Amino acid sequence: MDLRKVIVLLWMLLSSISTGIRLEENGYVDIVIAIGSKVPQDDRLIDKIKEMVTEGSVYLYEALDKKVYFKEATILVPSYWSSTDFLKARTESFEKANIRIDNSARGDGPYTKQYDKCGAEGQYILFTPEYFLNDIAIQHYGPRGKVLLHEWAHLRWGVYDEYGQEKLFYYSNHHIEATRCNKSIEGQYYEVTAGRFLQPCRIDQKTSLPTEKCMFFPNINQTTDISLMFLPGLSSVSTFCRENEHNYEAPNMQNEKCGKATWTVIFEDSVDKDALRSLKPLQSPPPPPSFKVVQRMQRVVCLILDVSGSMKDSSRILQQQQAAAHFLKKIIEDQARVGIVMFSTDASTLSPLTTIDSDTTRESLIKLLPKVADGWTYMCKALDLSLQVLRADDGDALGDEIIFLTDGQATDDITLCVPSAIQSGAIISTLAFSTSAAHALIEMANKTGGKYLYASDDLTSNQLMDAFASLTLSTGDYANEPVQLESAGARTSDWFNGTVSVDQTVGNKTSFVIIYETRFPSIYIQSPSGSVYTEINMSHDRSLKTVTLNVPGTAEPGDWKYSVQTTANQALTITVTSQASREEVPPITVKSHVNQMFNDGSKPMIVFAEVSQDYRSIINADVWATLESETGSTHTLQLLDNGAGADASQGDGVYSRYFTQIVNGRNSLKVRVKSQDNQTRFAVRENSGSPYVPGYVVSGVVQLNPSKPAVSEETLEVGSFTRTTTGESFEVVLKSTTPPNFPPNRITDLSAEIQEDTVLLSWTAPGEDLDQGTAKSYKIRWSFDLDVLRNNFSNGHEVNTTAVSPQEAGSVEQHSFYLNIKIQNGTTLFFAVQSDDEQNAKSEISNIAQASKILLAPKPQEISNNNKTVLVIFLFVVTIVICFVVALFTWAVKRRKTIY
């Protein structure tokens, strides 16, 4: 297939993707809400979810000028829930659900996991069952429908919070303001003591701002209807900030990451921007959303294995055997049903659907795997036969899975059978094994909720083993799913060594799988306590050239060392998998992906890896991504969680980096994670979540809400661990033969501090190309007026940066500047930075940083606008007392006259 045809085909596939949320006319459809597998059955939960979405639809309709609403939603319940009303799930899965209902170690506060830049879709919204079943949550966060809309704005439109997370207060026009949008929301400032008493906010002598214990209590009755991204709990709040209402001074995530109003992002930068601008308001209120409740029972999978003539090349048929055997032995769960189909010139069933009920069954299926390759590549015959195999148990393939591996182009016309395969309701994951595998594999995976994976046939890459290992269908019960601790390979005639850390969260069903190319090697595996396992402790499958150590019981936590010795020059690989050591403790997991399945060079790609345990973020880990093209080009990137460059938020357990060295072809993604001694830990404070309201001001008096439930104070130490994971593959077809040149990334963490007569500016260095390399220079400007920098950066006063040489991307830049002005008490200055590269490509303007010079701590009335109320009450009381005294004195005088 020539390049032009590839481009046309890929754009057709990209535009026709139908999985995920869609805007159908004015209504959102294909919303999937999945309940975690460990959530006990409670029929109230389904009713509460429906109430929330129905209520949220009304708020959505009103918030976006009556243009859109929630039209359809599907609720996926766990397999053990019982009801005759549940339908059979199709492509819905917990892992790809838009909204999750699950228990979480980080508490009951709703939040959205966002990875990407401003305007990009988030990953999922998380609610806990307790959030629905305990109505005290309404007091904490506001009406559930409005909270859903707050989180939906994160998920669908990629906007950020407008309340303060790190900086709760700031100076504006010589007054202290709570970080919010907009400033017309009024309230009072107090600290809440341990005994639930209120006391005036104290001032931090270093910043001259209230301490972090100071809270903003909004008036329960407001004159403004904005903003949902600041405080959805307020009854008057019903819409989003627009440009003329937005508070650009507030040091919040929306200003740092987007630099524009929420309304602007929704209508100009989000995935729905074109549709929302063209939609006309509905003439009447929309109908309530429709719901269906579906359920996935035991897993049903059909393997489609290619045995065409090209599979004889480079030992591909053997690699297919080895990877499929690993899947059958270690990955597919107990009680799943598995069938096997092979195809070349014709297709045949190697095994009908068989229940995985013992190790004997697993071994029986492994023995059936094909060993000989010959013939043509008739893919439609394979697809048709696999659907027949899946329909044999209950008459349809709804929700069943197909794992389709092929290394070549279809001999037949695959466009004739792909639509029917997609319409079958099966989830189709596709493995492109080699550079010539058919591009239609992308369409089948994307349109059915499956995964698309490319694997090199290089014997040391281990990519096919990794691909099969990633083909799990998560139910949210990560304690019973395999975790890959190590995957490595080398070509050597000497030693192949390494270390694998088995942490406290894993250890059951731990196995070391070593594959050799030609000659059986010597193998030594040492436990942390010094026990040594050799070949006599391992099983050896000579036909598969595979040696396996199944560690008995629960593997000892600590560093396991492996040493493989060979005298023949040969390829060696090792794969280490394990499962949770305790069912009640989920293991540490790593999820990885890129932000684009197809790239033409016009937009930069971002690589992500989320490291967590039970939704708690793990920070300060060592994370590396390897991206390998089918051309053999390999690039390794260290992913960072520093809140700069490609990384949206610092310390949220999501490690990110731009991938700039893109080349034509299919690309695979592999991520390795390793803990750093005494540094890797759980995040103390998560960066996102619906804002908890501590209380409201009612008739001038603060009324406290119930205290927010405390999050578990378990140890923050994570301990030593290793993980490897494989993300979905992606395709690159560059528009130009010239590699794309990207400018330095936008700086989003600029901060400013006035020190005597100088200003200290700090930021994270961008790169020559986005966050790679070293930028050429910086241009820094300042102004007394924020709008000057926001609307026309070049009109700001220029800072002399001749002595500043940019450092390598990711470095901390910290420089003091003298501005040739007298900085007086009460002075507020605004700063912004722009960088450029060697080709003079300029970055976007940074976030705007504010610095104020405050020499003395403000008086109490300057830090709290409740003092007027206090004064009024005081004067009122004094007046009453005086009146009472006067009246008493008058009465006494009259009485005295009466007596005499």
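The structure we're discussing is the one just above.
First, a word on what this report is: a plain description of the structure on this page. (Residues numbered from 1 in each chain as written. Predicted model: local features only at pLDDT ≥ 70, side-chain atom pairs only at ≥ 80, totals over all residues. Heavy atoms only, no water.)

**Considerations on the environment of Gln703**
Thinking step 1. Secondary-structure assignment places Gln703 in strand E43 (residues 701–704).
Thinking step 2. We classify Gln703 as partly exposed; its relative accessible area is 47%.
Thinking step 3. For the pair Gln703 and Ile220, spaced 483 residues apart in the sequence, the C-alpha separation amounts to 9.7 Å.
Thinking step 4. Residue contacts for Gln703: discarding those within four places in its chain leaves Gly695, Tyr696 and Val698. (Helix = DSSP H or I, 4+ residues; strand = E, 2+ residues; numbered from the N terminus. Buried < 20%, exposed > 50% of the residue type's maximum accessible area, 1.4 Å probe, protein only. Contact = heavy atoms within 4.5 Å.)

**Structural notes on a negative patch on the surface**
Thinking step 1. A contiguous patch of negative charge, built from Asp43, Asp47, Glu51 and Glu55, is present on the exposed surface.
Thinking step 2. Inspection of the secondary structure puts Asp47 in helix H2 (residues 43–63).
Thinking step 3. Asp47 gets classed as partly exposed once you look at its relative accessible area, which sits at 44%. (Patch = residues over 30% accessible without salt bridge, like charges linked within 9 Å, V, L, I, M, F, W, Y side chains within 5 Å. Areas by Shrake-Rupley, 256 points an atom, 1.4 Å probe, with all protein chains shown as cover. Salt bridge = Lys/Arg side-chain N within 4 Å of Asp/Glu carboxyl O. Lys, Arg positive; Asp, Glu negative; His and termini not counted. Charge placed at Lys NZ, Arg CZ, Asp CG, Glu CD.)

**Here we look at the sheet that holds strand E12 (residues 187–192)**
Thinking step 1. Pairing is antiparallel across the open sheet formed by three strands, whose spatial order is E13-E12-E16. Looking at the sheet topology across the chains shown, the edges are occupied by strand E13 (198–199) and strand E16 (214–218).
Thinking step 2. Across five bridges, E12 lies against E16 in antiparallel orientation. Paired with Tyr189 across the two strands is Phe216, which belongs to E16. (Pairing = 2+ DSSP bridges.)

**Side note on the nonpolar core**
Thinking step 1. Tyr28, Leu64, Phe127, Trp157 and Phe240 are the most contacted members of the largest nonpolar core, which has 71 residues in total.
Thinking step 2. Ile317, Ala325, Ile366 and Leu453 belong to the second-largest nonpolar core, a separate cluster that totals 36 residues. (Core = buried A, V, L, I, M, F, W, Y, C linked by side-chain atoms within 4.5 Å.)

**What to know about the sheet that holds strand E48 (residues 797–798)**
Thinking step 1. One open sheet holds the four strands; their spatial order is E48-E47-E50-E51, and the pairing between them is antiparallel. Each edge of the open sheet carries a strand with a single partner, namely E48 and strand E51 (849–852).
Thinking step 2. Two elements, strand E50 (residues 828–836) and E51, share four bridges in a ladder whose sense is antiparallel. Bridge pairing in E51 places Leu829 opposite Ala851.

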